[in-house]
Structure formats: structure tokens, C-alpha cells
Amino acid sequence: MSKELDQTDCRIVELLDSYGRTSLADIGKNVGLSGPAVGERLRHLQESGYIIGFGARIDLRRFGYTIQALVRIKPRSGQLHIVEKMIAEQPRFMSCDRVTGDDCYVARLLLKEISELDDILLPFHDRAETNTSIVKSSIFEHRLPPLDQP
């Protein structure tokens, strides 16, 4: 069993989440450790599965994706696995969750123009009901929950 996280580990995660390119030395200054000590803690966080990867946050608008839509998808009887595969294979869906309630899936779809919506969703209509909401703005897109350990 891996050791419990302490406040220093949680702070390291928070600092990396806010800016993933922060140097180990700068993190160390913030948490009161040396760069090598931070590196050791970071290695442990990765090996223990608390940190599963690193990546860049990109501005999708710069790539032409100016519209996002939330699509609720309810597969017709016997179509669940086919619809799930269709969702997974459509690269414009940037995320998808299986949910409880009337719908089976809630997915976030990227669009360059609103006219693309029909072309992307039309193949689903023989196999599922869809309900789409266009995202007007986001209050926030990413934030960590409190990482306090008991």
C-alpha cells in the first residue's frame, strides 16, 4: 500500500496543475524542499498513480473550434454498443460520460461552424435520440477539487 499524501504532496500537485512547466527548483522554493526532494516526491506521485500524465492546455479557438455543444445521447433499444463505438470514433467529441437518467451518454462536441452539427449527428439518428445544447460560455473549464488529506 502506498503512503498517504501529505500537505506538501498536495501542494506540489496544485502547483503543477496551475502551471505544468514549473521547475522542480521553483516548486521546491514554494513548498520548502530542495529540487531533488521535489523530484523524488514527483516520482512517487507518478508511480503511485496520483499523477497519470502531463499535457498542454490548448486554446481550441486558435485551432478554429469556436463552438462547443453538449450532446445528450439515448441509444435506441439494442443499439447501446454500436452508439458507444460511433461516439468513440467521432474525433470531434472531446469527452463523453456514461450517465444515469434518461440519457446514457453526455458528450462534449467541438465545432468550427454550427452548420457542421447536422453532418456530425445525422449518422446517430437511426440508432439514438440526441438532444443538443450549444455552450454560450464557460464559468470555468478546469479546476482541482480540494486535495486535503484527512
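These figures come from a predicted structure and were not determined experimentally.

Asks: Honestly, the sheet that holds strand β3 (residues 105–111) in this entry has me stumped. Any pointers?
Replies: One open sheet accounts for 4 strands, arranged β2-β3-β1-β4; its pairing is antiparallel. Only two strands of the sheet have a single partner each, and these edge strands are β2 (93–98) and β4 (128–134). Neighbouring strand axes in the sheet, compared pairwise and without regard to direction, differ in orientation by 20° on average. Note that strand β1 (residues 67–75) and β4 share 7 bridges and pair antiparallel. Opposite K74, over in β4, you have E129 as the bridge partner.

Asks: Please explain the packing of aromatic side chains as it appears in this structure.
Replies: The relative placement of two aromatic rings is captured by the distance of their centres and the angle of their planes. In the structure shown here, the tally under the stated rule is 1 aromatic pair. Of note, K112 hangs over the ring of Y65, and the distance from its end group to the ring centre comes to 5.1 Å. One Lys or Arg, R143, reaches over the ring of F140 and ends 3.8 Å from the middle of that ring.

Asks: I'm lost on the side chain of Q68 in this one. Help?
Replies: Locating Q68 in the fold gives a position in strand β1. Engagement of the side chain of Q68 in a polar contact is seen with the side chain of R108, the distance being 2.6 Å. Ignoring anything within four residues of it in the chain, the contact list for Q68 reads L60, M94, R108, L109, L110, S133, I134 and V135.

Asks: Quick question: what am I supposed to make of helix α2 (residues 24–31) here?
Replies: Structurally, the α-helix is built with 3.6 residues per turn, so residues lying three or four positions apart point the same way. Taken as a whole, α2 has its buried residues at I27, G28 and V31. Seen along its axis, α2 keeps its buried residues to an arc of 105°; they face one direction. The inward-facing, buried residues of α2 abut α1 (7–18) and α3 (35–47). Phi turns positive, to about 80°, at G32, one or two residues after α2.

Asks: Is there a simple way to explain the pattern of salt bridges in this structure?
Replies: Two side chains with opposite charge may pair up if their charged atoms get near one another. Counting across every chain of the model gives 13 salt bridges. Between D9 and R41 there is a salt bridge, with the nearest N and O atoms lying 2.9 Å from each other. On the criterion of sequence distance, the pair formed by D9 in helix α1 and R41 in helix α3 is long-range, its members being 32 residues apart. Accessibility expressed as a relative area gives 1% for D9, which makes it buried. Ionic pairing is found between K29 and D26, a salt bridge with its closest N-O pair at 4.0 Å. With a gap of 3 residues between them, K29 and D26 both fall in helix α2, about one helical turn apart. With a relative accessible area of 41%, D26 lands in the partly exposed category. In the salt-bridge network here, residues are joined through shared partners; they are D6, D9 and R41.

What counts as what
- Residues numbered from 1 in each chain as written.
- Predicted model: local features only at pLDDT ≥ 70, side-chain atom pairs only at ≥ 80, totals over all residues.
- Heavy atoms only, no water.
- Pairing = 2+ DSSP bridges.
- Helix = DSSP H or I, 4+ residues; strand = E, 2+ residues; numbered from the N terminus.
- Axes fitted to C-alpha atoms, helices over the stretch in contact; angles between N-to-C directions.
- Phe/Tyr/Trp six-rings, centres within 6.5 Å; stacked < 30°, edge-to-face > 60°.
- Lys NZ or Arg CZ within 6 Å of the ring centre and 35° of its normal.
- Polar contact = N/O pair within 3.5 Å; in protein donor to acceptor, adjacent residues only side chain to side chain.
- Contact = heavy atoms within 4.5 Å.
- Buried < 20%, exposed > 50% of the residue type's maximum accessible area, 1.4 Å probe, protein only.
- Arc of directions from axis to C-beta.
- Salt bridge = Lys/Arg side-chain N within 4 Å of Asp/Glu carboxyl O.

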